[in-house]
Amino acid sequence: MPNPKLHMVVDELKGSYLKSLTGKLAALTEAAAIRNYDSIILHGHQLKGSGKSYGFAEVSSLGAQIEDAGQCRQGFIVDALIIELDKLVRRLLQDFSMPENS
Amino acid sequence: MTEDRPLLLVANDDRAMLDLTTAQIRERGFRSVLAAGDGEETIELTRLRRPDLVISDVSMPRVDGFQICRILKSPLFPGSENIPVILTSATYRDVIAEQVARNSRAFAYLQQPHEPETLFRLIDLALGQSEPEVGDRHLLRYLGTILIVDDDPDIVALLEHTLTAEGWSVLTASSVAEARLRVEDFPVQLVLLDYTIPDGNGLELLCWIKRQRPEAVVIMVTANSNEDVLIDLIKNGADDYIRKPFDPDDVSLACRNALNKYNFLRIHEQFQEKIEKLRSVTDYLDLVINLSQEAIFSCDLFGRVKIWNKGAERMYGFSAEEIIGNVVDDYLDPPDFKRKSPDVMKILKQRGGSLIETEIMRRKKSGEIFPVYATYSAIVSTEGEYIGFSVIERDVTPVRALETERIRSARLRAITQTAVTANDQINTPLGVILGYSQLLQKTIPGLSPEHAAALEIIQQQVLKIKGIMNKLKLMSDPIVKNYSIEGVTMLDLTQSR
């Protein structure tokens, strides 16, 4: 049976997680620009693990795709996925009424 | 009249500790503090006064702190289930006690000695006067200490907050090096270990943790969906795994299961240690009992033999198989022996549990009757009930022989002393008799041949007596014990009395 107390804790943490995503997006963009696949895989892997845990399944989905594309050395797909992720993060921040650089 | 709230109830059977704790709490500003000297009084006061918090010692006679907790939380005590109970103990300082406290639904378990401030902080938390903070985790370490090893700060933050909210004491590490330090420095019970770590890999760290702290339960947390990897982790000692992304409820459940496993293993381990200790003590006692030259045995209230050592086997000739379970009186008592085992129990109760018999007669399997020195001790159960008696018996036949010899020696000394005295006393008159008889022989003119022969016989007899007296004097020398007169020893002389 779900524990409401735990889910309240997760809800309280969502805001700071979304804020941290902008930093991760920047790091990912930087890694993609120089085709640092190890870094791309690591960031994709972390997003895959954390997104849905915070209640953002789409973040996990995109993270998994970025990890896979990184492992296959498919830079152009990574670029496309980063754009997708960027849009998603903006939308989520908007939904949470958070300025991107706050 | 309304009572000042909050009302606290302190329970301790140690009067000094009870007074101290009560005074400290009053000093802290709590005006209404009740004191109970035992578990029953605690229950009664709780029923009548409905305190807001109970602080109870665990080790109290009849109703202990754990039982107080369970009673207050039971349906038999409606309305008291929400009264928090802080348990304190100087006796129980292990994981079993914490587990029992947890199962008894205590608010916290505090080991003594502790700082007053620690108790005050727990009181504040229990009364809801302040919210738990990170620093309080060790006080409320109901669910043990957990180490989160993950390089993703978002995952660490999520796990740390959710598990702290659950009551865990949480430590974190973002690298292998940091994780090693934590494991070395803290009594970690559970590790949530990320498979992918920048300065190493989860598998290597898993193996290291299992070597370093084998009792710790390790749950692998991984976004890796490769089944072979997971199997490999389990093969290398991982107790469970959680897949990322995860649901906090699943993490909570996995951690609780892991803690149960940890506690079960620790309890099992502690039982094993206690059993081993007990076994070594029992083996040692067996050795002591069986190597004893004395007969050692124990009986129940009816005299049925429970323990029969090798010494008893040697002394009486009955083997343990023969006698255990049978009434000892039927085997060892001579036919005319009146006192039976129930009488022994009565005497032991009257005399406070022990009885020493300097000499009673016993019967061997061969039928021989012989004297023993016996010490009886009552066996009393932990509840104070008499459940039987133990006996140590020593064959005193050799002692008796020595005593007889001692008596003979004393007699011998007396006789030799008499001989010395007699020699001194008799020699003089004998000399006189001899002298006068010789004088008569020489001075009486015309002594008839019959009278001369009579005087000759007197002199010969006197000389014979002197000879015997001289020999007696020689024998009175303590060194010459076996001197004999025509095959007669001094021992024979003394025995002939």
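In this text, all values refer to a predicted model and were calculated from it rather than measured experimentally.

Procedures and definitions
- Residues numbered from 1 in each chain as written.
- Chains lettered and ligands numbered in written order.
- Predicted model: local features only at pLDDT ≥ 70, side-chain atom pairs only at ≥ 80, totals over all residues.
- Heavy atoms only, no water.
- Helix = DSSP H or I, 4+ residues; strand = E, 2+ residues; numbered from the N terminus.
- Buried < 20%, exposed > 50% of the residue type's maximum accessible area, 1.4 Å probe, protein only.
- Contact = heavy atoms within 4.5 Å.
- Patch = residues over 30% accessible without salt bridge, like charges linked within 9 Å, V, L, I, M, F, W, Y side chains within 5 Å.
- Areas by Shrake-Rupley, 256 points an atom, 1.4 Å probe, with all protein chains shown as cover.
- Salt bridge = Lys/Arg side-chain N within 4 Å of Asp/Glu carboxyl O.
- Phe/Tyr/Trp six-rings, centres within 6.5 Å; stacked < 30°, edge-to-face > 60°.
- Arc of directions from axis to C-beta.
- Pairing = 2+ DSSP bridges.
- Axes fitted to C-alpha atoms, helices over the stretch in contact; angles between N-to-C directions.
- Buried area = accessible area lost by both parts, 1.4 Å probe.
- Polar contact = N/O pair within 3.5 Å; in protein donor to acceptor, adjacent residues only side chain to side chain.
- Nonpolar A, V, L, I, M, F, W, Y, C, P; charged D, E, K, R; others polar.
- Parallel < 35°, antiparallel > 145°, perpendicular 65-115°, else oblique.
- Left-handed = near helix turned anticlockwise from the far one by under 90°.
- Core = buried A, V, L, I, M, F, W, Y, C linked by side-chain atoms within 4.5 Å.
- pLDDT = per-residue confidence, 0-100.

1. What to know about the overall build of chain A
Scanning chain A from N- to C-terminus turns up four helices and zero strands. Counting from the amino terminus, chain A carries its helices and strands in the arrangement α-α-α-α. Burial statistics for chain A: of 102 residues in total, 47% are counted as buried. For chain A, the share of sequence-separated contacts (at least 6 apart) that also reach a separation of at least 24 residues comes to 60%.

2. Some details on a nonpolar patch on the surface
A grouping of B:Val432, B:Tyr436 and B:Leu439 is seen on the molecular surface, where their side chains present a nonpolar patch of about 300 Å² in accessible area. Relative to the helices and strands, B:Tyr436 is located in helix H15 (residues 397-443).

3. Remarks on the pattern of salt bridges
Side chains bearing opposite charge may pair, as long as their charged atoms lie close to each other. Applying the stated criterion across every chain, the model contains 31 salt bridges over all chains. Note that A:Lys24 is salt-bridged to B:Asp154, the shortest N-O span being 2.9 Å. Here A:Lys24, found in helix H1 (residues 4-33), pairs with B:Asp154, found in helix H6 (residues 153-166), and the two come from separate chains. By relative accessible area, which is 10% here, A:Lys24 ends up buried. The exposure class of B:Asp154 is buried, given its relative accessible area of 7%. With a shortest N-O distance of 3.3 Å, B:Glu403 and B:Arg400 are connected by a salt bridge. A residue pair is termed a helical-turn pair when its members lie 3 or 4 positions apart in one helix, as B:Glu403 and B:Arg400 do in helix H15 at three residues. B:Arg400 sits in the partly exposed class, given a relative accessible area of 24%.

4. Here we look at the packing of aromatic side chains
Residue and element names in this part refer to chain B. Enumeration according to the criterion identifies nine aromatic pairs over all chains in this entry. Here the aromatic rings of Trp308 and Tyr316 are separated by 5.7 Å at their centres, their planes lie at 35°, and the arrangement is tilted. Comparing Trp308 with Tyr316 shows no difference in burial state: the two are buried. Each ring, one from Tyr316 and one from Phe370, has its centre 5.8 Å from the other, and the planes form 50°; the classification is tilted. Here Tyr316, found in helix H11 (residues 310-316), pairs with Phe370, found in strand E16 (residues 369-380); they are 54 residues apart in sequence, far enough to count as distant. The pair formed by Tyr316 and Phe370 is uniform in burial state, with each residue classed as buried.

5. Quick look at helix H7 (residues 176-185) of chain B
Residues and elements named next belong to chain B. Looking at H7, one finds that the buried residues are Val176, Ala179 and Val183. Angularly, the buried residues of H7 cover 60° about the axis, an arc narrow enough to put them on a single face. Buried residues along H7 sit in contact with strand E6 (145-149), strand E7 (169-173), strand E9 (196-197), strand E10 (200-201) and helix H8 (202-212).

6. Focus: the sheet that holds strand E17 (residues 386-395) of chain B
All names here are of chain B. Pairing is antiparallel in the open sheet, where five strands are placed in the order E14-E13-E17-E16-E15. Of all the strands in the sheet, the pair left with one neighbour each is strand E14 (305-308) and strand E15 (354-363). Between one strand axis and the next, the sheet turns through 25° on average, direction left out of account. Docked against the sheet, helix H14 (residues 341-350) engages E15, E16 and E17, running at close to 100° with respect to E17.

7. Describing the pairing of E15(B)
Residue and element names in this part refer to chain B. Here E15 pairs with E16 via eight bridges, running antiparallel. When the bridges of E16 are listed, Met361 appears paired with Pro371. The hairpin turn running from E15 into E16, its antiparallel successor, is five residues long, and Gly367 in that turn takes a positive phi close to 100°.

8. Considering the interface of chain A and chain B
Contact with chain A, which involves 22 residues of that partner, is made by 20 residues of chain B. Between chain A and chain B lies a buried interface of about 1,800 Å² when both sides are counted; carbon and sulfur atoms form 61% of it. Contact with chain B buries area across many residues of chain A, yet A:Leu6, A:His45 and A:Ser53 alone supply 29% of it, more than any other trio. Linking chain A to chain B there are two salt bridges. Taking the shortest distance from any N to any O, the salt bridge between A:Lys24 and B:Asp152 comes out at 2.8 Å. Counting the contacts that link chain A with chain B gives nine residue pairs in polar contact (both at pLDDT 80 or more). Of all the elements in the fold, those that place two or more residues in the side of chain A that touches chain B are H1 and helix H2 (37-50) of chain A. Of the residues forming the side of chain A that touches chain B, the biggest block, nine residues, is contributed by H1(A). Its residues assigned to classes, the side of chain A that touches chain B comprises nine nonpolar, nine polar and four charged.

9. A word on the packing of H1(A) against H2(A)
All names here are of chain A. One can describe the packing of H1 onto H2 by two numbers: an axis separation of 9 Å at closest approach and a directional angle of 155°. With respect to H2, the axis of H1 lies roughly antiparallel. At the point where H1 passes H2, the crossing takes the left-handed sense. Seen from H1, the contacting residues are Tyr17, Leu21, Lys24, Ala27, Leu28, Ala31 and Ala32; seen from H2, they are Ser39, Ile40, His43, Gln46, Leu47 and Ser50. Within the contact of H1 with H2, the residues separate by chemical class into eight nonpolar, four polar and one charged.

10. Comments concerning the sheet that holds strand E1 (residues 7-11) of chain B
All names here are of chain B. Taken together, five strands build an open sheet; the order of strands is E2-E1-E3-E4-E5 and the sheet is parallel. Both outer strands of the open sheet, strand E2 (32-36) and strand E5 (108-111), are each paired with one neighbouring strand and no more. When strand polarity is set aside, the average angle formed by the axes of neighbouring strands in this sheet is 20°. One ladder, built from four bridges, connects E1 with strand E3 (residues 53-57); its direction is parallel. By the bridge assignment for E3, Leu8 is matched with Leu53.

11. Quick notes on the nonpolar core
Ranked by internal contacts, the top residues of the largest apolar core, which has 49 residues, are B:Leu163 and B:Leu192. Of the residues forming this core, the biggest block, 10 residues, is contributed by H1(A). Apart from residues no more than four positions distant in its own chain, B:Leu163 is found in contact with B:Ile146, B:Ile148, B:Trp168, B:Val170, B:Leu192, B:Val251 and B:Cys255. Among the nonpolar cores identified, the runner-up in size contains 27 residues, and B:Phe297, B:Met345, B:Ile347 and B:Val391 belong to it.

12. Observations concerning the side chain of B:Lys244
Looking at the element boundaries, B:Lys244 is found in the loop between strand E12 (240-243) and helix H10 (248-291). Residue B:Lys244 is classed as buried on the basis of its relative accessible area of 9%. Of note is the side chain of B:Lys244, whose polar atom sits 2.8 Å from the side chain of B:Asp150. In this structure, B:Lys244 is in contact with A:Gly49, B:Asp150, B:Ile155, B:Asp194, B:Val221, B:Thr222 and B:Ala223, ignoring residues within four places of it in sequence.

13. A few points about the confidence of the model for chain B
Residues and elements named next belong to chain B. Per-chain confidence: chain B averages 84 in pLDDT, with 92% of residues scoring 70 or above. At the low end of the mean pLDDT range in chain B sits helix H17 (residues 490-495), at 49; at the high end sits E1, at 95. Predicted confidence is poor over residues 483-488, with pLDDT under 50, and the contacts of this stretch with residues over four places away or in other chains come to 10 contacts. Here residues 493-497 scores under 50 on pLDDT; set against residues more than four positions off or in separate chains, the count is seven contacts. If you check the scores for this complex, the pTM reads 0.54 and the ipTM reads 0.84.

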